[in-house]
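Fold and geometry: a report
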Amino acid sequence: MAGVFALAGAYWSLRWQFTRQQRERDLSVRTLCKYTISYVHDMAIELDNIYKINGFISYKIIDIIETTIQIFNRNMEHMIFVTDEKLREEVRYFLYEMFYRIQTAKNIQISLDQVLRQAGLDATSGKMEEAAAAEKVNELKGAAQEAILQIVRHSLAGAELKTKLQ
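Residues numbered from 1 in each chain as written. Predicted model: local features only at pLDDT ≥ 70, side-chain atom pairs only at ≥ 80, totals over all residues. Heavy atoms only, no water.

As for the nonpolar core
- Ranked by internal contacts, the top residues of the largest apolar core, which has 38 residues, are Leu 47, Ile 57, Ile 65, Val 91 and Met 98.
- Elements supplying a minimum of two residues to this core: α1 (2-54), α2 (59-74), α3 (85-118) and α4 (131-164).
- The greatest single-element share of this core, amounting to 11 residues, is contributed by α3.
- Not counting residues up to four positions away in its chain, the partners in contact with Ile 65 are Val 40, Met 43, Ala 44, Met 98 and Ile 102. (Core = buried A, V, L, I, M, F, W, Y, C linked by side-chain atoms within 4.5 Å. Buried < 20%, exposed > 50% of the residue type's maximum accessible area, 1.4 Å probe, protein only. Helix = DSSP H or I, 4+ residues; strand = E, 2+ residues; numbered from the N terminus. Contact = heavy atoms within 4.5 Å.)

Regarding the packing of aromatic side chains
- Evaluation of the coordinates by the stated rule reveals one aromatic pair.
- Between the aromatic rings of Tyr 35 and Tyr 39, the centroid separation amounts to 6.0 Å while the plane-to-plane angle is 15°, which identifies the pairing as stacked. A residue pair is termed a helical-turn pair when its members lie 3 or 4 positions apart in one helix, as Tyr 35 and Tyr 39 do in helix α1 at four residues.
- Overall, Tyr 39 belongs to the partly exposed group, its relative accessible area being 28%. (Phe/Tyr/Trp six-rings, centres within 6.5 Å; stacked < 30°, edge-to-face > 60°.)

Observations regarding the pattern of salt bridges
- Using the criterion set out here, one finds 10 salt bridges in the structure.
- Between Glu 24 and Arg 20 there is a salt bridge, with the nearest N and O atoms lying 3.2 Å from each other. Taken together, the positions of Glu 24 and Arg 20, both in helix α1 and four residues apart, correspond to about one turn of that helix.
- For Glu 66, the salt bridge goes to Lys 106, with nearest N and O atoms at 3.4 Å. Here the residue Glu 66 occupies a position in helix α2, and Lys 106 occupies one in helix α3, the gap between them amounting to 40 residues. (Salt bridge = Lys/Arg side-chain N within 4 Å of Asp/Glu carboxyl O.)

Laid out in structure tokens, this is it:
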């Protein structure tokens, strides 16, 4: 009889330990997701602030956001510990969509830099010598502003996702 109780106690002890470890892993991954989403949001706001100040997209902030998302992607296998499959997909979608929007903004800024270089213009002086270059620059600046707006809007959607990760 004592053997049966010992066996049952060992079983429940292992079961409790397994459940506790599973909860801890789920909590750790959720914390990583919340941190990543918060950091990406903060950097998106910073990107918007820098754009409002100087009218150009900061490569440094773009690189920080890209690196943050890439680090998260390297640890994606841990997402399996989040038991809510829909939530896992929402986190993945949020970060992949953010990465796409960041790449779009970066490509627009690269195009703008090329137009300014080809026209022989100094980006800081704002002198426009050629009407065609000025028109292209204005078009690209409008596209850059729209790209930044989309990044900020998408980052704000992360706030709802953070509450789901609680």
